[in-house]
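Structural characterization, general
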Amino acid sequence: MTSVLVVEDDFMVAKLHSRYVAATEGFTVAGVAHTGAEALRAAEELRPDLVLLDIYLPDMDGISVLRELRARRGTGHHVDALFVTAAKDAHVVREALRAGALHYLIKPFDRAALEHQLRHAAALRARLDTLGEARQEDVDQIFSGRPRASRELPKGLAAHTADLVERTLRAHADGLSAAECAAAGAFSRVSARRYLEYFADTGQAEVTLRYGGTGRPEHRYRWIA
């Protein structure tokens with residue numbers, strides 16, 4: 001389970017974000033804080049894996065909170081941060097990135113957008129935990145893998161089918177061919193390949209070639225976002 005600390009000064013919004021987190025498989029709400037000082041204390045006591053951090057807090061801004069958390073790395077606890085805020089100023093976004101945020105979600109957003117970012121954060125953490133010595137392709141994939149805040153599908157692709165293909169890939173960690181994905185998801189091979197190629201093009205899935213005895217190599221897809 002990935003533990004999450006929700007930092008939000010608005011009590012109702014904090015409850016909403018907590019429900020979103022709790023409803024996402026593999027995630028649990030470690031605690032809720034409504035000020036920067038509370039956030040720093042809670043992070044030290046609860047040692048969450050991820051902090052959902054607002055910019056506008058009554059005592060200090062969220063970027064200062066994140067910088068303080070980074071300064072406390074000597075304690076042996078490494079926490080990641082995802083900003084969830086109404087702040088749209090480009091300077092603020094730049095400072096959040098420089099402070100080490102994984103991503104930046106602008107309010108309002110729906111549950112699907114937050115869930116997508118949560119899963120990306122967990123996948124990134126898991127990938128780094130399993131790496132001994134990183135290859136350049138590993139580094140390239142990690143640094144280029146920031147997902148979009150919301151899914152913008154090309155014309156002709158449907159969100160419902162994209163979600164189905166995504167769930168099918170997630171359920172098969174070793175990867176699938178288009179034919180296997182189609183069989184598992186009960187849709188056509190042509191349709192499966194279109195969505196698999198879309199996920200590969202957007203960096204959410206990786207594609208490898210498996211060579212057999214004769215003929216063209218088989219394309220296999222594995223979810224990585």
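These figures come from a predicted structure and were not determined experimentally.

**Details of helix α8 (residues 178-185)**
Buried residues of α8: A178, C181, A182 and G185, and no others. Each buried residue of α8 lies within a common arc of 100° when the element is viewed along its axis, so the set occupies one face. Those residues of α8 that are buried are in contact with α7 (159-170), β6 (176-177), α9 (189-201) and β8 (218-223). The positive-phi residue at the C-terminal boundary of α8 is A186, with phi of around 60°.

**As for the sheet that holds β6**
Sheet architecture is open: 3 strands sit in the order β6-β8-β7, paired in antiparallel fashion. The open sheet terminates on both sides in strands that have one partner only, identified here as β6 and β7 (205-210). In this sheet, β8 lies alongside β6 in antiparallel orientation, the contact comprising 2 bridges. Residue pairing in the sheet places S177 in a bridge with R220 of β8. Where α9 meets the sheet, its contacts fall on β6, β7 and β8, and the angle it forms with β8 comes to roughly 60°.

**Description of helix α1 (residues 11-22)**
Between its first and last C-alpha, α1 extends 16 Å over 12 residues, near the 16 Å set by a 1.5 Å rise per residue. All of the buried residues in α1 are A14, H17, S18, Y20 and V21. Looking down the long axis of α1, one finds its buried residues gathered within 160° of arc, a one-sided arrangement. Residues M12, R19 and A22 are exposed on α1 and point more than 90 degrees away from its buried face. Tucked into the core, α1 has its buried residues touching β1 (2-7), β2 (27-33), β3 (50-53), β4 (80-85) and α5 (111-130). The opening residue of α1, the one whose side-chain oxygen lies 3.0 Å from the backbone nitrogen of M12, is D10.

**Brief notes about the nonpolar core**
Among the nonpolar cores identified, the biggest contains 24 residues, and V7, L53 and F83 are the most heavily contacted of them. Mapped onto this core, the elements with two or more residues apiece are β1, α2 (36-46), β3, α3 (62-71), β4 and α4 (90-99). Those residues in contact with L53 that sit more than four places away from it in its chain are V7, G62, V65, L66, L82, F83 and V84. Counting 18 residues, the second largest nonpolar core, distinct from the first, contains A162, L169, A178 and C181.

**With respect to the packing of aromatic side chains**
Describing an aromatic ring pair means giving the distance of the ring centres and the angle of the ring planes. Here the structure, examined in full by the defined rule, presents 3 aromatic pairs. Taken together, a centroid distance of 6.0 Å and an interplanar angle of 45° make the contact between F83 and Y104 tilted. Of this pair, F83 sits in strand β4 while Y104 sits in strand β5 (residues 103-106); the two residues are 21 residues apart in sequence, bridging distant segments of the chain. Of the two residues, F83 and Y104, neither departs from the other in class, the shared state being buried. With 5.4 Å between their ring centres and 50° between their planes, Y198 and F199 make a pair best called tilted. Assessed through its relative accessible area of 10%, Y198 is described here as buried.

**Description of the pattern of salt bridges**
Taken as a whole and assessed by the stated rule, the structure comprises 11 salt bridges. We note a salt bridge from E218 to R220, for which the minimum N-O separation is 3.1 Å. Under the relative-accessibility criterion, R220 is labelled buried at 14%. Residues participating in the shared-partner salt-bridge network are E180, R210, E218 and R220.

About the thresholds
- Residues numbered from 1 in each chain as written.
- Predicted model: local features only at pLDDT ≥ 70, side-chain atom pairs only at ≥ 80, totals over all residues.
- Heavy atoms only, no water.
- Buried < 20%, exposed > 50% of the residue type's maximum accessible area, 1.4 Å probe, protein only.
- Helix = DSSP H or I, 4+ residues; strand = E, 2+ residues; numbered from the N terminus.
- Arc of directions from axis to C-beta.
- Contact = heavy atoms within 4.5 Å.
- Pairing = 2+ DSSP bridges.
- Axes fitted to C-alpha atoms, helices over the stretch in contact; angles between N-to-C directions.
- Expected span 1.5 Å × (residues − 1).
- Polar contact = N/O pair within 3.5 Å; in protein donor to acceptor, adjacent residues only side chain to side chain.
- Core = buried A, V, L, I, M, F, W, Y, C linked by side-chain atoms within 4.5 Å.
- Phe/Tyr/Trp six-rings, centres within 6.5 Å; stacked < 30°, edge-to-face > 60°.
- Salt bridge = Lys/Arg side-chain N within 4 Å of Asp/Glu carboxyl O.

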